[in-house]
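# Observations on the three-dimensional arrangement
Given next are the chains, with one letter for each unit.
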Amino acid sequence: MKRTGSAVWRGGIRDGKGTVSTESGVLDGAQYSFSTRFEDGKGTNPEELLAAAHAGCFSMALSKQLNDAGFTADSINTTAAVRLEKTDAGFSITKVHLDVTARVPGADAAAFETAANNAKAGCPVSRLFNAEITLDAKLEQ
């Protein structure tokens, strides 16, 4: 399986502008710039897109872990917060925090915590990052 995304950038780092697109067409010329990445400009940025990808990947991985344990989630709501920091090596993604709340009929807290931790470790996007990944997992009753 191979998926593609593309970007076009025009201009300098501070005054330039770019667009990002995906093969599926879900993103088609979505605007990004220095101000959308490092300030409060309108548009997207690579870290926001990575956060959405990680939240989606983790949610699917958690669904699989729960299924493997004999449970089916009514809902899994995940937010991923990606931290971009200036390090000695330059700007780096240093941390990702996953915050998940799920409604899983019949699951107890221990089974849910095991499934969530397995999903965090096993999600392909988690394995992509060379960063600390933390998790707060809440099972709703």
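The structure this text deals with has already been given above.
Read on for an overview of the structure. None of the values given here were measured: they were computed from a predicted structure. Residue positions are given per chain, counted from 1 along the sequence in the order it is written. The predicted nature of this model means local features are confined to residues of pLDDT at least 70 and side-chain atom pairs, given and counted, to a pLDDT of 80 or more, with totals for whole chains, interfaces and linings taken over all residues. As a rule here, side-chain values cover all heavy atoms of the structure and leave hydrogens and water aside.

### So, the nonpolar core
Nine residue types can take part in a nonpolar core, namely buried Ala, Val, Leu, Ile, Met, Phe, Trp, Tyr and Cys, and a core is a set of them joined through side-chain atoms within 4.5 Å. Think of it in three bands: residues with accessible area under 20% of the maximum for their type are buried, residues over 50% are exposed, and the middle band is partly exposed, with areas taken using a 1.4 Å probe on protein chains only. Counting 27 residues, the largest nonpolar core has Phe58, Leu62, Leu66, Val100, Val104 and Phe112 as the members making the most contacts within it. The element best represented in this core is helix α2 (residues 46-68), accounting for seven residues. Residue contacts are defined here by distance: any two heavy atoms, one from each residue, within 4.5 Å place the two residues in contact. In contact with phenylalanine 58, other than residues within four places in its own chain, are Thr78, Leu98, Val100, Ala116, Ala119, Lys120, Cys123 and Leu135. A run of H or I in DSSP becomes a helix once it reaches four residues, and a run of E becomes a strand once it reaches two; helices and strands are each numbered from the N terminus.

### What about the side chain of serine 126?
Within the secondary structure layout, serine 126 lies in helix α4 (residues 124-128). A residue is classified by how much of its surface remains accessible, and serine 126, at 6% relative accessible area, is buried.

### A word on the sheet that holds strand β4 (residues 75-87)
One open sheet accounts for three strands, arranged β4-β5-β6; its pairing is mixed. Every other strand in the sheet has two partners, leaving β4 and β6 (132-140) as the edge strands with one partner each. The average undirected angle you get between the axes of adjacent strands in this sheet is 15°. Whether two strands pair comes down to DSSP finding at least two bridges between them. As paired strands, strand β5 (residues 90-103) and β6 are joined by nine bridges and run parallel to one another. From the neighbouring strand, alanine 102 faces β6, where its bridge partner is leucine 139. Together, β5 and β6 form the strand contacts of helix α3 (residues 109-122), whose direction differs from that of β6 by roughly 150°. To get an axis, a line is fitted to the C-alpha atoms, and for a helix only the part in contact is used. The angle between two axes follows their N-to-C directions and goes from 0 to 180 degrees.

### Quick word on α3
Because an α-helix packs 3.6 residues into every turn, residues spaced three or four apart end up facing the same way. For α3, which comprises 14 residues, the first-to-last C-alpha distance of 20 Å matches the rise-based estimate of 20 Å (1.5 Å per residue) to within 8%. Looking only at α3, the buried set comprises Phe112, Ala115, Ala116 and Ala119. One face of α3 carries all of its buried residues, which in axial projection span an arc of 100°. Relative to its buried face, α3 has exposed residues pointing more than 90 degrees away, namely Ala110 and Ala121. Its buried side turned inward, α3 meets α2, β5 and β6. For a helix, the expected span equals 1.5 Å multiplied by the residue count minus one. Working definition: the arc comes from the directions between the helix axis and the C-beta atoms, pointing outward to the latter.

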